[in-house]
Amino acid sequence: MADLFNVGTSALLAFKQAISTTGNNIANASTEGYSRQISTLESRVGQLSGENYFGGGVTLQSVERAYDQFLGASLRTQTSAEASSDSFYQIAVRVDGMLADSGQGIDEAMNSFFNAWQSLGNNPSGRAERTTLLADAETMVNRFSSLSEGLSDITNEVDLRIESGIEEVNRLAESIAQLNSKIISASSSGVGGPNILLDQRDLAISNLAQLVGVSVTEQGDGSVNVSVGKGQALVVGQEFNQLETRRDEFRPDLVEIGYAGSSGAISSLLDGGQLGGLLDVREQLIEPARQQLGLLAAGLSTLVNDQQGQGLDLNGQLGGDFFSSLSLSAIASSQNSGSAEISVAPATVADLTLSAVVFSYDGSDWSMFDENTGTTNTVTFPLEYEGLELSLSGAAVAGDRFRLEPYANAISTFDVAITDPDQIAAAGSLAAIGGAQNLGGMQIIDLEATNIGIVPLSASVDLTYDENALGAGIPGFFVTGAITATVAYDAINQTINLVDMELQFSGEPVQGDSFEIVSSGVSGDNRNALAMASLSQGANLLGGSVSPTGLYGDMVSDVANLTRQSELNHETASAMLLQSQTSQASVSGVNLDEEAARLVQLQQAYQAAAQMVTVADDLFQSLLNAIAR
Amino acid sequence: MRVSTAQQYQQAISQMLDQQTQIQKTQIQLSSGQRLLKPSDDPTATRQLLSLEQSQSALQQFSTNLGLAEGRLSQTESILGDTGDLLQRVRELTVQANSGTQSDEGRKAIAVEIESVGEQLLALANSRDQSGNYLFAGFRSDGAPFSITPSGTEYLGDDGQRSVQIAADVSVLTHDSGSRVFMNILGANGSFVTNYPDANTGSLLIGETSSAGEILTETLSVEFTQATESDPVLYEVFDSGGASVSTGEYAENMVLEIDGQSLTLSGTPADGDSFEIAPPIPQDVFSRISDIATMLREPVTGATGSTQLSNDLARALESLDQASTHLSGYRSELGSRLQMLDTQSQVNQDFALFITEQVSSISDLDTTEAISRLNLQLVGLQAAQQAYVKVQGLSLFNYI
């Protein structure tokens, strides 16, 4: 009887525990990170009575969580990949949308700007045309600034997200380390694993994987080591390292990531997770777009300013700068201790390109490290590099470094320099007047100042044709006035090269034909305006491969392609993550129907066990009654 | 495989959210009529679209330029037409004045009229375009290019010619310099002039002149001699060095040919009469007209005076014709420019149409396709919602 009581009560106890495990599963059906727990019952060793063994009842052998560490690892990887592609895409699609917004589109503004030069060409002295041109130039500059500011705003937001992400990483690292220590002590004291602590730690690691790609190594004592990026330790057993954000050495407007209390940066080593995605989108999409925009502004303003300097404004003076000069510079490292500065100015427009080089000084020589090719060369200043004139001032100290990233902040000072519409140089520089008595049909059809410094002319230049100007049979011109010379006439090409100017003739000369060269009468001259207008169509940037509007188009399509690519990446990563989540959930997740069935099963077993106790009681009562009689 | 209840719900919800995102995109596409909502929807098409829009914008500007060019050239052409009419009027008046029946007073009256025609001509040459710029001033279009001074016509412009762009690689001249149009036109027949001195006493008339095309470069002189009244009249031509070039007997209506230049001579030259054949002098249109007026204002004395005037007026008429030919040559050049504008305008329109079609095929939404897509998406979402509600109702707990 005692046996039966024992068996019954052991069953009641075991089933009650099993029911509460199932109940706990039901209770946590929606708890994030919860792993379904499985209670395992075990038959108790019975007693030998006579020749037979009789069962000793049942006991709850263990309550374990359903967890597959391989699926868990795969889920972490997929979580990082998805979070990375998601944060990349979310930022990219905003840059993409910014370019799509026609109110911010630079293409349209550039087209209007160049069309305004055409309109000015139709009426070179027109006040209205000049004012419109200035307004269109303002609009174009504003579009550049607003797009550049938009990109800066997004960069700032990315930086803020990185900063708060790093705080979260630190918090999670700390909590993983704490959980490690709890798990170590729980594992050593108890028999079964501390399921809930393990779940919490897995959840913390999964949240960490959401932020940044991690790798996890299990230790013998139940703790795990967590590292980020390419093996950068974050949690080692019960210890953890803090990360921090700080300003980039060369770009104070950008943040980079490093270990707290150590100077090296690990930004470039981090991979995956939100942080990886943010760092990637900043490096691959926002910065290139910003620099392309800066390059475009630098190219455009140099082209327009150069052309403006080739013509005369309405006051008869050579045109001054149309756009203010851009702040291009090689950025000094924040670690520099010398007073050296490297100033940068555009020299050859067609050679401008996106560069990434670092100059460093070893105490006697400067070397230039190209980040794209990985090559290092020794250089001396002043230096012309990729269309830029670099000059050094101040004293450098060994170890000083500069990074040439000329277009990163170029737009900040991009502005229209002239305010007076009369200062727009629509006219060419020189004009000719044929002598009233010229017998031949000779005309000057093109004339160009090869040394623009002579314009406006101090006095007119008078040319008289003579068949024997340079000796018998050698035709040429006697030149007087601002230039005094006797120059040969190239009868085949019909040109003369007159010191500071080149003249192109048509028609046959007759002895004594004369011409007068004067500064252009600016009111009706549109040659420079037409030359300006043609800048939009000329392939005059990036080594003569692309026009200004083409360069903008390339920038838009680069962003669009990257965005499209990241969208596809994100779709793939989401599908992979879903698959991984489903696999993991099929092992660890709670199915309520399953738990209901189990509940009914255990309830019935419990009731049966209770009945067993009643039977034992009845049997006992029967025995007592029999004795009492 | 086991299914986690929470995961089942989560998945159903996120799929419905995805479907709603798709529906929203289709909805925006339909309401905007645009296939591309952002560059990344189709990066290649976006790049193409940017180029096409640039071409479109340039074409619009070219069409504006073309319209303005057409206006200016038409205006110039009409001015040239008027100029031709005025020159014709001067010619008629000159012919009228060259009649032997005209008195000094009659010629003076004609001179007054010719002078007023000359003023009209000057006003035409000082015309302005619709922006108020002088048409014939070269690059100095802010001031009137022509002014008449006591020393002659003064051209204040320069030789600049203004052009505008009417297609990517096509420009057209819209403003020609006044010097090209009205000045520097060679006098008489364009190859040589004749100078008939006052001292001549005979009645020689130098009639029609012509030239093989060469411009005379040296001054020749023709001298007539007649030993006695009964002898034939002989002529001798000397070159600029005084050497005799040719000689012969003069005959009424003879054609004198020297160096490819020919002159028809009539009347009776007196012994000792002479005239010069000289290189032509480039001259402007206005001086020609005022020269005629000056000739007509001079009183004519006797037969020699009349002969003198006739000879001068004959050359003046040739000069006028020369100017007319020059101007009508320029006018036909304007005509061919206008013709070119017409052709280019057609080409531009065709190109613009082509671009519009391209833009539309790239960026416009295929509405039929989008609507059927929307229907499909709506059906999908409805099905998902219904399935969700049904599955949600299923639980073993309902039966315990």
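If you're wondering where the values come from, they're calculated on a predicted model, not measured in any experiment. All residue numbers refer to position in the chain's written sequence, counted from 1. The order in which chains are written sets their letters, starting at A; the order in which ligands are written sets their numbers, starting at 1. It should be noted that, the model being predicted, local features are given only for residues of pLDDT at least 70 and side-chain atom pairs only at 80 or more, the latter also being counted only at that level, while totals for whole chains, interfaces and linings use all residues. As a convention, hydrogens and water are excluded, and side-chain values are obtained from all of the structure's heavy atoms.

(A) Region of the structure containing the overall build of chain B. Within chain B, the regular secondary structure consists of seven helices and 14 strands. We compute the radius of gyration from the C-alpha atoms alone; for a globule the expected value is 2.2 Å times N to the 0.38, where N is the number of residues. For 400 residues, the compact-globule formula gives about 21 Å, and the C-alpha radius of gyration of chain B, at 41 Å, lies well above that figure. Its C-alpha atoms put chain B at 160 × 40 × 30 Å along the principal axes. In what follows, residue pairs with any heavy atoms lying within 4.5 Å of each other are defined as contacts. Within chain B, contacts between residues at least 6 apart in sequence are counted, and of these 66% link residues at least 24 apart. Here chain B carries 21 positive and 50 negative side-chain charges, and the mean point of each set is 22 Å from the other. In DSSP terms, a helix is any run of H or I states spanning at least four residues, a strand is any run of E spanning at least two, and both are numbered starting from the N terminus. As used throughout, the charge tally considers Lys and Arg to be positive and Asp and Glu to be negative, leaving His and the chain termini uncounted. By convention, charge coordinates are those of NZ in Lys, CZ in Arg, CG in Asp, or CD in Glu.

(B) Quick look at the overall build of chain A. Scanning chain A for helices and strands turns up nine helices and 26 strands. On C-alpha atoms alone, chain A measures out to a radius of gyration of 42 Å, which is more than a quarter above the 25 Å that the 2.2 N^0.38 rule sets for 629 residues. For the C-alpha atoms alone, the extent of chain A along its principal axes is close to 165 × 55 × 40 Å. Relative accessible area decides the class of each residue, using a 1.4 Å probe on protein chains only: under 20% of the type maximum gives buried, over 50% gives exposed, and in between gives partly exposed. Counting only residues that meet the buried cut, chain A has 49% of its 629 residues in that class. Sequence separation of 24 or more characterises 70% of the internal contacts of chain A that already satisfy a separation of 6 or more. Per element, the accessible surface of chain A, about 26,900 Å² overall, is 50% carbon and sulfur. Across chain A, the centroid of the 25 positively charged side chains sits 18 Å from that of the 75 negatively charged ones. Computed by Shrake-Rupley with a 1.4 Å probe, the accessible areas treat only the displayed protein chains as cover when residues are assessed.

(C) Representation of the packing of aromatic side chains. Residues and elements named next belong to chain A. The rule is short: rings of Phe, Tyr and Trp, with Trp giving its six-membered ring, pair when the centres are within 6.5 Å, and they are stacked under 30 degrees, edge-to-face over 60, tilted in between. Following the criterion strictly, the structure yields 28 aromatic pairs over all chains and no others. Ring centres 6.3 Å apart and planes at 85° place the aromatic pair Phe 113 and Trp 117 in the edge-to-face group. Separated by four residues within a single helix, Phe 113 and Trp 117 lie in helix α3 (residues 106–122), roughly one turn from each other. Here Phe 113 and Trp 117 have matching classes, each one buried.

(D) Spotlight on the side chain of B:Asp41. By secondary structure assignment, the location of B:Asp41 is in the loop between α1 (5–32) and α2 (43–97). At a separation of 2.8 Å, a polar atom in the side chain of B:Asp41 contacts the main-chain amide nitrogen of B:Leu37. Those residues in contact with B:Asp41 that sit more than four places away from it in its chain are A:Arg564, B:Lys25, B:Arg35 and B:Leu36. Whenever two N or O atoms come within 3.5 Å, that pair is a polar contact, provided that in protein one can donate a hydrogen and the other can accept it, and provided that, for residues adjacent in sequence, both atoms are side-chain atoms.

(E) Representation of helix α3 (residues 104–125) of chain B within the structure. Residues and elements named next belong to chain B. The span expected for a helix works out to 1.5 Å for each residue beyond the first. Compared with an ideal rise of 1.5 Å per residue, which puts 22 residues at 32 Å, α3 spans 31 Å between its outermost C-alpha atoms and is within 8% of the ideal. Every buried residue of α3 is accounted for by Arg 107, Ile 110, Ala 111, Ile 114, Val 117, Gly 118, Leu 121, Leu 122, Leu 124 and Ala 125. Summarising the axial view, the buried residues of α3 lie within an arc of 145°, below the 170-degree limit, and thus occupy one face. Seen from the open side of α3, the exposed residues pointing more than 90 degrees away from its buried face are Glu 105 and Glu 119. Buried positions along α3 lie against α2, β1 (146–149), α4 (178–182), α5 (285–297) and α6 (302–363). This arc is taken over the directions from the axis of the helix to the C-beta atoms.

(F) Spotlight on the pattern of salt bridges. When a carboxyl oxygen of Asp or Glu lies within 4 Å of a side-chain nitrogen of Lys or Arg, that pair is called a salt bridge. Summed over all chains, the structure comprises 39 salt bridges over all chains. A:Arg403 is the salt-bridge partner of A:Glu405, the closest N and O atoms lying 2.9 Å from each other. A residue is classified by how much of its surface remains accessible, and A:Glu405, at 8% relative accessible area, is buried. For B:Asp129, the salt bridge identified is with B:Arg72, shortest N-O distance 3.5 Å. Residue B:Asp129 is found in the loop between α3 and β1, and its partner B:Arg72 is found in helix α2; the two are separated by 57 residues along the sequence. Residue B:Asp129 is classed as buried on the basis of its relative accessible area, which comes to 5%. Here B:Arg72 falls in the buried class, since its relative accessible area comes to 2%.

(G) Representation of the interface of chain A and chain B. On the side of chain B, 53 residues touch chain A, which itself brings 68 residues to the contact. Buried surface area refers to the total accessible area, computed with a probe of radius 1.4 Å, that the two partners give up upon joining, counted for both partners together. Approximately 4,700 Å² of surface area, both sides summed, lies buried where chain A meets chain B, with 51% of it carried by carbon and sulfur atoms. Together, A:Gln118, A:Asn122 and A:Leu439 form the three largest contributors to the area buried by chain A at its contact with chain B, with a combined 13%. Connecting chain A to chain B are two salt bridges. A salt bridge links B:Arg47 to A:Asp554; its shortest N-O distance comes to 2.9 Å. At the junction of chain A and chain B, the tally comes to 32 residue pairs in polar contact (both at pLDDT 80 or more). Among the elements of the structure, α2 (69–100), α3, β19 (430–434), α7 (527–533), α8 (548–588) and α9 (592–628) of chain A are those that each provide at least two residues to the side of chain A that touches chain B. Element by element, the count of residues in the side of chain A that touches chain B is highest for α8(A), at 16 residues. When grouped by side-chain class, the residues that make up the side of chain A that touches chain B number 27 nonpolar, 32 polar and nine charged. Throughout, the ten residues Ala, Val, Leu, Ile, Met, Phe, Trp, Tyr, Cys and Pro are labelled nonpolar, Asp, Glu, Lys and Arg are labelled charged, and all others, Gly among them, are labelled polar.

(H) Representation of the packing of α3(B) against α5(B). All names here are of chain B. Here an angle of 0 to 180 degrees is reported between the N-to-C directions of two axes, which are lines fitted to C-alpha atoms, with helices fitted over the stretch in contact. At a minimum axis separation of 8 Å, α3 and α5 run at an interaxial angle of 165°. In terms of orientation, α3 lies roughly antiparallel with respect to α5. In this structure, α3 crosses over α5, and the sense of that crossing is left-handed. From α3, Arg 107, Lys 108, Ile 110, Ala 111, Val 112, Ile 114, Glu 115, Gly 118, Leu 121, Leu 122 and Ala 125 reach across to α5, where they touch Val 285, Phe 286, Ile 289, Ile 292, Ala 293, Leu 296 and Arg 297. Our angle categories are set so that under 35 degrees counts as roughly parallel, over 145 as roughly antiparallel, 65 to 115 as roughly perpendicular, and the remainder as oblique. The crossing is said to be left-handed when, going from far helix to near helix, the turn is anticlockwise and less than a right angle, and right-handed when the turn is clockwise.

(I) Representation of the sheet that holds strand β6 (residues 224–228) of chain A within the structure. All names here are of chain A. The strand order across the open sheet formed by four strands is β5-β6-β7-β8, and the pairing between neighbours is antiparallel. Since the sheet does not close on itself, it has two edges, and those belong to β5 (214–218) and β8 (239–240), each with one partner. Relative to β8, strand β7 (residues 232–236) runs antiparallel, the two sharing two bridges. Across the sheet, Val 236 pairs through a bridge with Glu 239, a residue of β8. When DSSP finds at least two bridges between two strands, those strands are taken to pair.

(J) Structural detail: unusual backbone geometry. All names here are of chain A. Residue Pro 382 is reached from Phe 381 by a cis peptide bond, and omega for that bond is -5°. Mapping Pro 382 onto the fold places it in the loop between β15 (376–379) and β16 (383–385). The omega torsion across Val 455 and Pro 456 is -5°, close enough to zero to call that bond cis. With respect to the helices and strands, the residue Pro 456 is situated in the loop between β20 (443–449) and β21 (461–466). Even without being glycine, Leu 542 reaches a positive phi, approximately 45°. Looking at the element boundaries, Leu 542 is found in the loop between α7 and α8.

(K) Summary view of the nonpolar core. We call a set of buried Ala, Val, Leu, Ile, Met, Phe, Trp, Tyr and Cys residues a nonpolar core when their side-chain atoms join them within 4.5 Å. Counting 107 residues, the largest nonpolar core has A:Phe113, A:Trp117, A:Phe144, A:Phe322, A:Phe359 and A:Leu390 as the members making the most contacts within it. With 17 residues, the single largest contributor to this core is helix α4 (residues 127–189) of chain A.

(L) The arrangement of the pairing of strand β17 (residues 388–393) of chain A in detail. All names here are of chain A. As paired strands, strand β12 (residues 341–346) and β17 are joined by six bridges and run antiparallel to one another. Bridge pairing links Val 344 to Leu 390 in β17. The hairpin formed by β16 and β17 contains two residues between the paired strands, and Glu 386 there has a positive phi angle of roughly 45°.

(M) Broad picture of the environment of A:Gly521. Mapped onto the secondary structure, A:Gly521 falls in the loop between β26 (514–519) and α7. Considered as a pair, A:Gly521 and A:Leu430 are 91 residues apart in the sequence and their alpha carbons are 8.2 Å apart. Beyond its immediate sequence surroundings of up to four residues, A:Gly521 is in contact with B:Phe139, B:Arg140 and B:Asp158.

(N) Local environment of the sheet that holds strand β12 (residues 261–266) of chain B. Residues and elements named next belong to chain B. Sheet architecture is open: three strands sit in the order β7-β12-β11, paired in antiparallel fashion. A single partner strand is all that each edge strand has here, and the edge strands are β7 (205–211) and β11 (254–258). Put simply, the sheet's adjacent strands are angled 25° from each other on average, direction ignored. By the bridge criterion, five bridges tie β11 to β12 in an arrangement that is antiparallel. The residue of β12 that forms the bridge with Leu 256 is Leu 263.

It is worth stressing that arrangement in space is one thing and function is another; only the former is reported here.
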